[in-house]
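Here are the chains, one letter per residue:
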Amino acid sequence: MTNLSPQLRQATPVVAVRGEGVHVDGEDGRRYLDFTAGIGVTSTGHCHPRVVAAAQEQVGTLIHGQYTTVMHPPLRRLVEKLGEVLPAGLDSLFFTNSGSEAVESALRLARQATGRPNVLVCHGGFHGRTVAAASMTTSGTRFRSGFSPLMSGVVVTPFPTAYRYGWDEETATRFALRELDYVLQTISPPDDTAAIIVEPVLGEGGYVPATEGFLQGLRERADRHGFLLILDEVQTGVGRTGRFWGHDHFGVHPDILVTAKGLASGFPLSGIAASEELMSKAWPGSQGGTYGANAVACAAAVATLDVVREENLVANAEAMGARLRGGLEEVAAKTPAIGDVRGLGLMLASEFVTEEGEPDPATAARVQRAAVDEGLLLLLCGAWNHVVRMIPALVVDEAAIDEGLRAWSAAVTAGTADS
């Protein structure tokens, strides 16, 4: 009998047979509240009628028009739609399938445009599982171990993870920028540095938001030293944080923006955006791919962007995120095992720690499993898998938030009973 790889372990025992909005129906006949959204992918909820209709219509018209061979209307419409929401000046796009591919495309562009070999990455960042993307990933050894040698030219610099350091954000920011300057002086001189890549909120690294001072400090150093600032918005983009882009919270402008996940409500689509001047520095033949900008995925993305705008989902993410965060903080206030609640918008997490303040993956896992029993689907993250994250679809409403918080409170009680 043929089976899936034994290393593909599901986070929950649920066999989903149908999805609608923020709920999935299991093969067991039970309805679950899905606060995973396919790891932040189903931004408009499961099977949003407008996304379904757009995809169905496109399937019956043209499934795939390889976009270095022929142009197709959904791609033209998507470029126009993204032009309405991209940061000013980022007027050139290249599409791929996954976040990893888009990250590698951004890296290739940065190296080719600058003629420099090195890339700086922030400690705790996640950028993908392919070789180059994994080489730039430092959120956990599980993503980068066992297939060395990794790509050379990657240099790690601190991220202002205030809770882990035990500092306030201002102190953590000063430290991270000071250490970056030290890295540029001792390991990767500016003339060898093509770019720095950073997530506005660490994803797999534990849902840790950057700080305004840190990202603006990166921008200033990039300008001063002539390297590029790449913002990895794979998980934080398309309204997830209560702004359309995660970096909108911090008043900083990227040279290259990476997007994926919520862009097409579950269809594989990713891309990078840069200025036309910068994108033109990519070497001939360096951008392409068989499935990038698939016609059905592009049609779904156009519908997704329309839904996000017309249903005010960015504002909804901000409002519902505030409601969810308030409830998480109430639970944390009476639960010593929860050391920190953090995040932005509908990208929130609770970190579990021992009495000594050390990471507590065992309790986090118990709580996550107990949540399934309560009908709530959640995921873990963090270096020790000790952080429980919540990423509901942007269409989530007050009733679903409150339903989720009731289940969360019960799960925390059950999961911490013996800790």
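Where an unreviewed UniProt entry is consulted, the protein appears under the name (S)-3-amino-2-methylpropionate transaminase, with the organism given as Streptomyces malaysiensis. Regarding the protein, the UniProt comment filed under Pathway (unreviewed entry) reads as follows: "Amino-acid degradation; 4-aminobutanoate degradation." Taken from UniProt, the Cofactor (unreviewed entry) comment for the protein reads in full: "pyridoxal 5'-phosphate".

### Topic: the overall build of the protein
Assigned secondary structure in the protein consists of 13 helices and 17 strands. Expected size for 419 residues packed as a compact globule is a radius of gyration near 22 Å; at 21 Å, the protein falls within 12% of this value. The buried share of the protein, reckoned over its 419 residues, is 57%. Considering only residue pairs separated by 6 or more positions, the protein has 72% of its internal contacts joining residues 24 or more positions apart. Of the roughly 17800 Å² that the protein leaves accessible, carbon and sulfur atoms contribute 51%.

### Section: the pattern of salt bridges
The tally for this structure, following the rule as stated, stands at 20 salt bridges. Between arginine 50 and glutamate 310 there is a salt bridge, with its nearest N and O atoms 2.6 Å apart. In this pair, arginine 50 sits in helix 2 (residues 49-59) while glutamate 310 sits in helix 10 (residues 295-310), placing the two residues 260 residues apart along the sequence. Residue classification places arginine 50 among the partly exposed positions, given a relative accessible area of 35%. What makes glutamate 310 partly exposed here is its relative accessible area of 42%. Measuring nitrogen to oxygen at the nearest pair gives 3.4 Å for the salt bridge that ties aspartate 306 to arginine 309. Of this pair, aspartate 306 and arginine 309 both sit in helix 10, separated by three residues, roughly a single helical turn. Residue aspartate 306 is classed as buried on the basis of its relative accessible area of 12%. Within this structure, Arg50, Lys81, Asp306, Arg309 and Glu310 form a network of salt bridges that share partners.

### Remarks on the nonpolar core
Counting residues in hydrophobic clusters, the biggest one holds 89 residues, and the most contacted among them are Ile256 and Trp408. There are two domains that each give this core at least three residues, and those are domain 1 (6-47 + 312-416) and domain 2 (51-310). In this structure, isoleucine 256 is in contact with Ala106, Leu109, Ala110, Leu228, Leu229, Ile230, Leu231, Ile272, Ala273, Ala274 and Leu278, ignoring residues within four places of it in sequence. By size, the runner-up hydrophobic cluster in this structure holds 31 residues, among which are Leu184, Leu215, Leu231 and Cys381.

### Some thoughts on the sheet that holds strand 17 (residues 387-390)
Judged by pairing direction, the sheet is antiparallel, and its four strands sit side by side in the order 13-14-17-16 without closing on themselves. Of all the strands in the sheet, just strand 13 (338-344) and strand 16 (379-381) have a single pairing partner and so form its edges. Strand after strand, the sheet turns through a mean of 30° between neighbouring axes, direction not considered. For strand 16 and strand 17, the ladder comprises three bridges, and the chain directions are antiparallel.

### So, the sheet that holds strand 6 (residues 154-157)
The strand order 4-12-11-10-7-5-6 describes an open sheet built from seven strands, whose pairing is mixed. Sheet topology places strand 4 (92-96) and strand 6 at the edges, where each strand pairs with a single neighbour. Between one strand axis and the next, the sheet turns through 20° on average, direction left out of account. Where strand 7 (residues 193-198) lies against strand 10 (residues 228-232), four bridges are found, and the strand directions are parallel. Residue pairing for strand 10: valine 198 is matched across the bridge by leucine 231. Contacting strand 5 (118-122), strand 6 and strand 7, helix 7 (residues 169-186) runs over the sheet at an angle of about 150° to strand 6.

Rules behind the numbers
- Residues numbered from 1 in each chain as written.
- Predicted model: local features only at pLDDT ≥ 70, side-chain atom pairs only at ≥ 80, totals over all residues.
- Heavy atoms only, no water.
- UniProt positions renumbered as here; feature names shortened; annotations may be inferred.
- Helix = DSSP H or I, 4+ residues; strand = E, 2+ residues; numbered from the N terminus.
- Rg over C-alpha atoms; globule rule 2.2 N^0.38 Å.
- Buried < 20%, exposed > 50% of the residue type's maximum accessible area, 1.4 Å probe, protein only.
- Contact = heavy atoms within 4.5 Å.
- Areas by Shrake-Rupley, 256 points an atom, 1.4 Å probe, with all protein chains shown as cover.
- Salt bridge = Lys/Arg side-chain N within 4 Å of Asp/Glu carboxyl O.
- Core = buried A, V, L, I, M, F, W, Y, C linked by side-chain atoms within 4.5 Å.
- Domains from an automatic or database assignment.
- Pairing = 2+ DSSP bridges.
- Axes fitted to C-alpha atoms, helices over the stretch in contact; angles between N-to-C directions.

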